[in-house]
Amino acid sequence: MKWIVAVLIPVCLAVSGCAGAPGASPAQAGSSGPARSSSDRALAGMDSAFSGSSASPGRASPAEVSAGAMQLVQSEGRKPSWVDDPYAGFPRSEYFAAVGSGGDRFSAERNALVALTGLFGQNIQAELRSLSFYTETVSQGRVQFAESAALEEAISTTTQLDTLVGAEIRGVWDSGRSGVFAVAVMEKAQSRGLYAGMIRANNRLLDALISIPAQQRNSLDGYARWRFAALVADANVIYGRVLTMLGGDPGIDTSALRGGNEYRLEMNAIPGNIPVTIRVSQDRSNRIQGAFTDAVSRAGFRTTGRGGRYLLDVTVSLDPIEYPNNANKFCRGIVNANLIDTRDNQVIYPFTLTTDREGHVTLAEAENRVIRTIVERVAGTYAQGLSDFLSVLLPR
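Caption draft 1: The arrangement of the nonpolar core in detail. Tyr 195, Phe 292, Leu 312 and Tyr 382 are the most contacted members of the largest nonpolar core, which has 97 residues in total. Setting aside its immediate chain neighbours within four residues, Phe 292 contacts Ile 278, Leu 312, Val 314, Val 335, Ala 337, Phe 351, Val 378 and Tyr 382.

Caption draft 2: A look at the environment of Glu 127. Within the secondary structure, Glu 127 is located in helix 5 (residues 124-129). The exposure class of Glu 127 is partly exposed, given its relative accessible area of 25%. Separated by 108 residues in sequence, Glu 127 and Ala 235 place their C-alpha atoms 8.7 Å apart.

Caption draft 3: How the structure looks around the pairing of strand 7 (residues 329-341). Bridge count between strand 6 (residues 310-321) and strand 7: twelve bridges; the pairing is antiparallel. If you follow Asp 313 over to strand 7, its bridge partner there is Asn 338. Of the strand pairs in this sheet, strand 7 and strand 9 (residues 358-360) are connected by three bridges, and their pairing is antiparallel. Residue pairing across strands places Phe 330 opposite Gly 359, the latter belonging to strand 9. Pairing between strand 7 and strand 8 (residues 346-354): eight bridges, direction antiparallel. Residue pairing in the sheet places Asp 341 in a bridge with Gln 346 of strand 8. Once strand 7 ends, the chain turns through four residues before running back antiparallel as strand 8, passing Asn 345 with a positive phi of about 60 degrees.

Caption draft 4: Geometry of helix 12 (residues 287-298). An ideal rise of 1.5 Å per residue puts 16 Å on twelve residues; helix 12 measures up with 17 Å between its terminal C-alpha atoms. Turning to helix 12, its buried residues number three or more, namely Ile 288, Ala 291, Phe 292, Ala 295 and Val 296. Here the buried residues of helix 12 occupy an arc of 130 degrees about the axis, which is enough to place them on one side. The elements touched by buried residues of helix 12 are strand 4 (275-280), strand 5 (302-304), strand 6, strand 7, strand 8 and helix 13 (363-391). Phi turns positive one or two residues past the end of helix 12, at Gly 300, with a value near 105 degrees.

Caption draft 5: Region of the structure containing the pairing of strand 4. Burial analysis of strand 4 places five of its six residues in the buried class, which makes it a mostly covered element. Looking at chain direction, strand 4 and strand 5 are connected through three bridges and run parallel. Across the sheet, residue Pro 275 finds its bridge partner in strand 5, namely Arg 302. Chirality of the crossover, the property in question, places the unit of strand 4, helix 12 and strand 5 among those that are right-handed.

Caption draft 6: Focus on the environment of Ile 238. Mapped onto the secondary structure, Ile 238 falls in helix 10 (residues 220-245). Here the alpha-carbon distance between Ile 238 and Ile 124, two residues 114 residues apart in the chain, equals 8.1 Å. Discounting chain neighbours no more than four positions away, the residues touching Ile 238 are Ile 124, Glu 127, Leu 128 and Leu 131.

Caption draft 7: Molecular detail of the confidence of the model for the chain. Chain-level statistics for the chain give a pLDDT mean of 75 and a share of 73% at 70 or above. Low pLDDT, under 50, characterises residues 1-74; the stretch is placed with 183 contacts to residues that sit more than four places away or in other chains.

Caption draft 8: Up close: the side chain of Ser 219. Relative to the elements of secondary structure, Ser 219 occurs in the loop between helix 9 (214-217) and helix 10. A polar side-chain atom of Ser 219 sits 2.5 Å from the main-chain carbonyl oxygen of Gln 216. Excluding residues that lie within four positions of it along the chain, Ser 219 makes contacts with Ile 270, Ile 274, Arg 309 and Tyr 310.

Caption draft 9: Spotlight on the packing of helix 10 against helix 11 (residues 260-269). Helix 11 packs onto helix 10 with a crossing angle of 170 degrees between their chain directions and a minimal axis gap of 7 Å. Regarding the angle of helix 10 to helix 11, the classification is roughly antiparallel. Crossing angle aside, the handedness with which helix 10 passes helix 11 is left-handed. When helix 10 is examined against helix 11, the residues Tyr 223, Trp 226, Arg 227, Ala 229, Ala 230, Leu 231, Ala 233 and Asp 234 are found in contact with a partner set consisting of Gly 260, Tyr 263, Arg 264, Glu 266 and Met 267. Looking at the contact of helix 10 with helix 11 residue by residue, the class counts come to eight nonpolar, one polar and four charged.

Calculation rules
- Residues numbered from 1 in each chain as written.
- Predicted model: local features only at pLDDT ≥ 70, side-chain atom pairs only at ≥ 80, totals over all residues.
- Heavy atoms only, no water.
- Core = buried A, V, L, I, M, F, W, Y, C linked by side-chain atoms within 4.5 Å.
- Buried < 20%, exposed > 50% of the residue type's maximum accessible area, 1.4 Å probe, protein only.
- Contact = heavy atoms within 4.5 Å.
- Helix = DSSP H or I, 4+ residues; strand = E, 2+ residues; numbered from the N terminus.
- Pairing = 2+ DSSP bridges.
- Expected span 1.5 Å × (residues − 1).
- Arc of directions from axis to C-beta.
- Right-handed = clockwise from strand over helix to strand, strands pointing away.
- pLDDT = per-residue confidence, 0-100.
- Polar contact = N/O pair within 3.5 Å; in protein donor to acceptor, adjacent residues only side chain to side chain.
- Axes fitted to C-alpha atoms, helices over the stretch in contact; angles between N-to-C directions.
- Parallel < 35°, antiparallel > 145°, perpendicular 65-115°, else oblique.
- Left-handed = near helix turned anticlockwise from the far one by under 90°.
- Nonpolar A, V, L, I, M, F, W, Y, C, P; charged D, E, K, R; others polar.

Take a look at the structure:
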């Protein structure tokens, strides 16, 4: 069953407007249809807009993508004042502003948005990219959000621009030979409301993630909850820093926001309290059992002979291969290892490997060689595969 929580999605909103030429106003854009329809159009536009790095005929710019149906008019003629001073027309007391340029409108708008985002910290783009799993999980609907109608209308899509919520393109100017210029702004008053809303929603999400019974905590679901909580907390710290630069919110103490590492400390302790029973068929001298036991332990879990909630059920098939006119005996091995939650018999993590053929003058020795290969490959791949699986595991 999909686990559904309340969360707000990071998004870049672009508003129409252009120096020297009229553009659709936010009110006009909003009147064209419901927020969700606009969001769907914007998301469809993103698929084409971010398939490359430069503009082409019929391709949406970042502003068009973010604003859905809104269109920016590309202006030629006299240079607007904001090209030399982004705060011309955008008072510092009310806005953050930055200018970007490029060989085409798409590049200019993107560079303006990146420059604007950079005003909030030297490493802010990298920090936003570190939240990619959080944003992708939300945007793909694997974790869904529900908030007030006003916030849902404003926060409707997730972009791949590494920019912040509230960033808007307010002007585009084509200078001719010198390229295209764009100005991006963030209106402080409007953005404060968006960031405060996201932080509050994420705080509720954090409470929902970790407010579970103690016995449920020491499970893979508990591990997934604390791991995702760490990602949400990372997002909140970034949002809190931006909110502070925007002037803050009297109802939010950004200095009290817990960072993701606090949740990771608790997350890392959980696997050691999760007993895993390992059962292997067709083993010899417990060699394959030992390889899986070592791999599970290296992934941080505690192994037990019996009674664990999680069962690693391993079946080994040693298949003889015959070749006419060849006196040697050959064998190939197939291993299927399913990590099972015994409470509902659901396979959580499947693992399969097949060896190349091994030969010897006796079948027994050919089989021993296959088992040796299995042990080596389990040692080299299973622990990492299990760790990789846990890194994308979501709460059930």
